[in-house]
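Geometric and topological summary
Spelled out, the chains give:
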Amino acid sequence: MSTIFSQIVEGEIPARIVYEDETTIAFLDANPLAPGHTLVIPKEEYERLNDLPEDVAADLYATIHRLVPAVEDAVDADATTVAFNNGEEAGQEVPHVHCHIVPRFDDDGAGPIHGLFGAPEDLPDDELDEIASEIESRA
Ligand code: AMP
């Protein structure tokens, strides 16, 4: 079964499409967190960032790069929060990779994404070294 976003790609359900090319498409979020809240997706259905082939990832980023200033200018935003909920446990509801571009305003009071977690974890140096090396060996 195709995702709701694939149905938008196929034109089966309506959306306010703001950009489209061969491999990506961007449209307004139906439940905007701020005016201009835009989603950017690959047209092909991949659930998570981890699943994207490199060429699709590059195309997706190129569209994000194009849309961030377009969205900011269109709604006269001061800044943007650009984020992926990558996986169900991270809050991803639609299993089709999508980047949220959320316009931010001086007085919106939403704070940084750090606000999701509260205080930072105080990890000992040896654990940080171990984690860094585990990531480095896989990157
Ligand atoms: P996430 O929680 O990261 O999976 O976000 C899914 C986003 O998709 C939410 O912000 C929804 O408001 C948005 N959304 C769901 N259905 C539609 C739709 N038909 N058109 C536009 N945005 C949608």
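See the structure above.
In short, a report on the structure. (Residues numbered from 1 in each chain as written. Predicted model: local features only at pLDDT ≥ 70, side-chain atom pairs only at ≥ 80, totals over all residues. Heavy atoms only, no water.)

Strand order in the open sheet made by the five strands is E1-E2-E3-E5-E4, with antiparallel pairing throughout. A strand with exactly one partner marks an edge of an open sheet, and here the two such strands are strand E1 (17-20) and strand E4 (79-83). With strand direction ignored, the average angle separating the axes of adjacent strands in the sheet is 20°. Where strand E3 (residues 38-42) and strand E5 (residues 99-104) come together, three bridges link them in antiparallel fashion. Opposite Leu39, over in E5, you have His100 as the bridge partner. (Pairing = 2+ DSSP bridges. Helix = DSSP H or I, 4+ residues; strand = E, 2+ residues; numbered from the N terminus. Axes fitted to C-alpha atoms, helices over the stretch in contact; angles between N-to-C directions.)

A separate point is the side chain of Thr3. Within the secondary structure, Thr3 sits in the segment before helix H1 (4-9). A relative accessible area of 8% means that Thr3 is categorised as buried. For Thr3, the residues in contact, after removing those within four places along its chain, are Glu45, Val94, Pro95 and His96. (Buried < 20%, exposed > 50% of the residue type's maximum accessible area, 1.4 Å probe, protein only. Contact = heavy atoms within 4.5 Å.)

For helix H3 (residues 125-138), with 14 residues, the first-to-last C-alpha span of 20 Å sits near the 20 Å given by 1.5 Å per residue. Where burial is concerned, little of H3 is hidden: zero out of the 14 residues are buried. (Expected span 1.5 Å × (residues − 1).)

Attention now goes to the site of the ligand. Taken together, 17 residues lie around the ligand, and Asp29, Asn31, Glu93, His98 and His100 are the ones closest in. Here Asp29 contributes a side-chain N or O atom positioned 2.5 Å from an oxygen atom of the ligand. His98 is positioned with one of its side-chain polar atoms (N or O) 2.7 Å from an oxygen atom of the ligand. Considering the ligand on its own, with 510 Å² of exposed area, one finds that the protein chains cover 84% of that surface. Looking at the shell around the ligand, the elements that each hand over two or more residues are H1 and strand E2 (24-28). The biggest single contributor to the shell around the ligand is H1, with three residues. (Near = heavy atom within 4 Å. Polar contact = N/O pair within 3.5 Å; in protein donor to acceptor, adjacent residues only side chain to side chain. Areas by Shrake-Rupley, 256 points an atom, 1.4 Å probe, with all protein chains shown as cover.)

Moving on, we come to the pairing of E2. Successive side chains on a regular strand alternate, one facing one side of the sheet and the next facing the other. In terms of burial, E2 is a largely internal element, four of the five residues being buried. For E1 and E2, the ladder comprises three bridges, and the chain directions are antiparallel. Its bridge partner being in E2, Tyr19 is matched across the sheet by Ala26. Between E1 and E2, which pair antiparallel in sequence order, lie three residues. Pairing geometry for E2 and E3, over five bridges, is antiparallel. When the bridges of E3 are listed, Ile25 appears paired with Ile41.

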